[in-house]
Amino acid sequence: MIRTDIIRRLQSYLQTQYDGNITILTDEDDGDLTPPCAVVRISSAEDMGANQAYVWDFNVIVAVFHDADDVTIETAETDAAELFDELADYEDVTAYLNSGNFQASVWHPQLIEAGREETKWTHFQTYRLIAGPS
């Protein structure tokens, strides 16, 4: 499935490019959100080829979690910003996706949200991705 392949490729990109304090979790790590960590997920995907699935429009979410009891909000924001900076370069991200048998035409940051959920600082960055298999 293209959704899973895109998620894995973006996780791989972050694991190879980002060298900060945050652990990039894989699909299999879903149950263990021990901070500081980040996950990549797709909230929506729509094929743009009249159900032929050649080109897809994705809403990608990158979520970063920190332990609010151990980390100040300032540190959490700085760490999250460093991770999100790795995803800010259109050329680098799309080149990495394209080298994994995709053809990406849009990679655009859209929305950042921050907050606190129970004992975790949370930061979410959404991106629009238009891609298909190459």
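Details of the structure are given in the entry above.
Student: Help me get a handle on the pairing of strand E4 (residues 102–117), residues and values and all.
Tutor: By the bridge criterion, 14 bridges tie E4 to strand E5 (residues 120–133) in an arrangement that is antiparallel. Bridging from a neighbouring strand, valine 106 pairs with isoleucine 130 of E5. Connecting E4 to the next strand, E5, in antiparallel fashion are two residues, including glutamate 118 with a positive phi near 55 degrees.

Student: Tell me what's going on with the sheet that holds E4, and back it up with residues and numbers.
Tutor: With mixed pairing, the five strands of this open sheet are ordered in space as E1-E2-E3-E5-E4. A strand with exactly one partner marks an edge of an open sheet, and here the two such strands are strand E1 (23–24) and E4. With twelve bridges connecting them, strand E3 (residues 56–67) and E5 associate as antiparallel partners. Of the residues in E5, the one forming a bridge with valine 64 is histidine 123. Of the strands in this sheet, E1, strand E2 (37–47), E3, E4 and E5 touch helix H1 (residues 2–17), which is tilted by about 145 degrees from E2. In the packing of helix H2 (residues 73–86) onto the sheet, the strands contacted are E1, E2, E3 and E5, and the crossing angle to E5 comes to about 10 degrees.

Student: Account for the side chain of threonine 126, naming residues and giving values.
Tutor: Counting through the fold element by element, threonine 126 comes out in strand E5. Owing to a relative accessible area of 13%, threonine 126 belongs among the buried residues under this scheme. Once residues lying within four places of it in the same chain are set aside, the contact partners of threonine 126 are Asn59, Val60, Ile61, His108, Pro109, Gln110 and Leu111.

Student: With reference to specific residues and values, describe the pattern of salt bridges.
Tutor: Summed over the entire model, instances satisfying the criterion amount to two salt bridges. Between aspartate 57 and arginine 128 there is a salt bridge, with the nearest N and O atoms lying 2.8 Å from each other. Linking aspartate 57 in strand E3 with arginine 128 in strand E5, this pair joins segments that are 71 residues apart in sequence. Among the ionic pairs, aspartate 69 bridges to arginine 116, the shortest N-O distance being 3.9 Å. Linking aspartate 69 in the loop between E3 and H2 with arginine 116 in strand E4, this pair joins segments that are 47 residues apart in sequence. Relative accessible area serves as the criterion here: at 56%, aspartate 69 is assigned to the exposed category. We classify arginine 116 as partly exposed; its relative accessible area is 46%.

Conventions used here
- Just so you know, the residues in each chain are numbered from 1, in the order the chain's sequence is written.
- Local features are withheld for residues below a pLDDT of 70 in this predicted model, meaning they are given only at 70 or higher, and side-chain atom pairs are given and counted only at 80 or more; totals for whole chains, interfaces and linings count all residues.
- Side-chain figures throughout are based on the complete set of non-hydrogen atoms in the structure, without hydrogens or water.
- Whether two strands pair depends on DSSP finding at least two bridges between them.
- Counting from the N terminus, the helices are DSSP H or I runs at least four residues long and the strands are E runs at least two residues long.
- Residue contacts are defined here by distance: any two heavy atoms, one from each residue, within 4.5 Å place the two residues in contact.
- The axes used here are C-alpha line fits, helices contributing only the stretch in contact, and every angle between their N-to-C directions lies in the interval 0 to 180 degrees.
- Residue exposure (1.4 Å probe, protein chains only): buried if accessible area is under 20% of the type maximum, exposed if over 50%, otherwise partly exposed.
- Take a side-chain nitrogen of Lys or Arg and a carboxyl oxygen of Asp or Glu: if they are within 4 Å of each other, that pair is a salt bridge.

Everything listed here is a matter of geometry and, on its own, says nothing about what the molecule does.
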